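Residues per chain, in single letters:
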Amino acid sequence: MSENMIMKIILPLMFLILVTGGYFVSVRVPYHFYQEAIHEGIHSPFLKLTKLPDKFYSGQDYQLVRMMGLTIDDDRFWENLHFNDFIIPFPVRHPTFLIAPFIQKEAGRYLFGFDVMNYSYEVINRVVIRREKAFKLELYHHKIFQLPLFEKMILEKGAEAVWRDIFEKDILQSSFLETPPISKWITHNDVPLTSMVYDLFILTVRERILPRKLLNISYWDKKNLGIIELADGGDSIGKPIQYHREVIYKLVGNDIYTIEIRTKLEDLMGEKYRQRLFDNLSYKKSELDSSIPLYNSFQTLKYREKLTPGGLVYLYSAFSHQKDSENFLNQMIRFLERGKNDKVYLDPLYNYGFERYGSSFSTILEKLRETESAKLNRKIKEEEESKRKLLEDVTILDEVEKFDSEEEKIKFYLQKAKDEGEAAGESKSLIID
């Protein structure tokens with residue numbers, strides 16, 4: 001066989017090998033990239049994704065599991081109130097639940113919530129509203145998502161579909177985790193590149209917005225809520241886990257609103273409150289005027305009821321829309337002190353007042369804590385009030401001789417005493433700084 005004949009055979013064969021090899025590589029490379037990113041993490045010019053905890057790869061539908069043996073409470077014991085950015089059920093007239101304020105400083109900002117307690121003052125639930133965060137389809141931190149084909153695909157899905165997949169998509173069930181065998185190789189156009197890239201995009205969003213120590217991720221379609229379960233943190237040496245901890249996410253426009261609930265494990269009453277919270281929870285944006293209907297509800301209570309922890313629920317809910325109101329906080333503390341309420345209700349307010357304004361605002365001398373600056377301001381206000389009252393008394397003395405009868409005089413002083421009592425105790429209108 002001549003050399004030319006050999007070359008005519010070898011060259012096409014080499015070309016076929018190169019084409020086949022290139023095809024083999026082009027089919028395998030996307031799968032290899034996808035699988036490496038999930039199993040090991042990847043650090044490349046196109047994508048940076050760390051190896052995430054196993055639970056980050058599994059989304060699911062949320063199922064509200066109900067504890068056996070729970071009975072349905074009479075709705076008359078409960079009232080759904082606007083607290084922060086949510087409508088939340090409160091046991092305002094319940095014979096077995098108590099509510100106390102919970103205020104915590106975190107990363108320079110105060111988080112507001114409340115403790116649900118039994119009558120032994122044992123905390124069986126803790127509800128905390130976490131600060132809202134912006135939610136955007138972040139495509140520009142990774143070059144792969146900026147490629148026109150993938151950018152268009154993600155933007156067309158839209159924020160709501162992406163949000164749902166963050167909590168619902170189970171990437172561990174992906175068929176792309178196995179490379180198709182040679183017998184099932186398909187054409188180049190059928191390699192599911194966009195689906196693979198979308199999975200990786202969902203993982204980058206989970207990595208960005210969800211805490212690392214989560215135990216599961218799920219989506220509640222009934223209420224359009226993302227829900228995760230977290231390790232409570234009680235599993236350190238010598239400290240058993242006591243609470244079941246869940247975080248609920250609500251997407252509204254471009255903002256994420258978050259509420260966290262901890263429930264005492266194997267506690268029937270704690271589970272009862274948890275289930276009522278999930279059944280009744282809804283979003284409602286907080287506005288300054290949101291305080292008004294809550295304050296009006298407080299004003300409809302009998303005077304004795306206003307001084308109880310039940311009355312506090314209305315005031316504290318109203319305060320959640322006016323957290324910067326020093327006067328509102330002051331008034332709330334005075335009501336609680338007049339009712340001789342336990343320190344479990346007052347201490348959170350004392351501490352917040354002292355940290356925020358330099359005063360605990362207590363009318364009880366041994367419980368009053370204040371900075372020198374706050375003390376000076378209080379003295380100035382007291383002096384001004386003393387002068388105002390002195391002027392009023394002088395005016396009253398001038399008017400004494402004008403009474404037409406002793407009966408009219410008695411009525412005048414009775415009304416004056418009543419007005420002063422109301423002024424010292426409560427305002428008939430909402431206080432706004």
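Note that the coordinates shown come from a computational prediction; the quantities given were computed from them, not determined experimentally. Throughout this document, residue positions are counted from 1 along each chain, in the order its sequence is written. Where local features are concerned, this predicted model is filtered to residues with pLDDT of at least 70; where side-chain atom pairs are given and counted, the filter is 80 or more; whole-chain, interface and lining totals use all residues. Heavy atoms from the whole structure form the basis of all side-chain values; hydrogens and water molecules are not counted.

Visitor: Got a sec to walk through the pattern of salt bridges? Specific residues and values, please.
Guide: What counts as a salt bridge is simple: a side-chain nitrogen of Lys or Arg found within 4 Å of a carboxyl oxygen of Asp or Glu. In the structure shown here, the tally under the stated rule is 19 salt bridges. Asp-221 is the salt-bridge partner of Arg-164, the closest N and O atoms lying 2.7 Å from each other. Remark: Asp-221 occurs in the loop between strand S8 (214-220) and strand S9 (225-230) and Arg-164 occurs in helix H2 (residues 148-168); sequence separation between them is 57 residues. A salt bridge links Glu-260 to Arg-262; its shortest N-O distance comes to 3.3 Å. Each residue gets one of three labels from its accessible area relative to the maximum for its type: buried under 20%, exposed over 50%, partly exposed in between, using a 1.4 Å probe on protein chains only. Arg-262 sits in the partly exposed class, given a relative accessible area of 23%. Helix and strand assignments come from DSSP, with helices taken as H or I runs of at least 4 residues and strands as E runs of at least 2, each series counted from the N terminus.

Visitor: Which residues make up the confidence of the model for the chain, and what are the values?
Guide: Confidence scores here are pLDDT values: one per residue, from the predictor, ranging 0 to 100. With 78% of its residues at a pLDDT of 70 or more, the chain has an overall mean of 82. Ranking the helices and strands of the chain by mean pLDDT puts strand S4 (residues 86-90) first, with 97, and helix H1 (residues 3-39) last, with 57. Any pair of residues with heavy atoms lying within 4.5 Å of one another is described as a contacting pair. Here residues 6-26 is modelled with pLDDT under 50, and outside its nearest four sequence neighbours on either side it reaches ten contacts, counting other chains as well.

Visitor: Can you break down the environment of Glu-370 residue by residue, with the values?
Guide: Tracing the backbone through its elements, the reader meets Glu-370 in the loop between helix H9 (343-357) and helix H10 (372-400). For the pair Glu-370 and Glu-355, spaced 15 residues apart in sequence, the C-alpha separation works out to 9.5 Å. When neighbours within four sequence positions are excluded, Glu-370 is seen to be in contact with Phe-354, Gly-358, Ser-359, Lys-375 and Arg-378.

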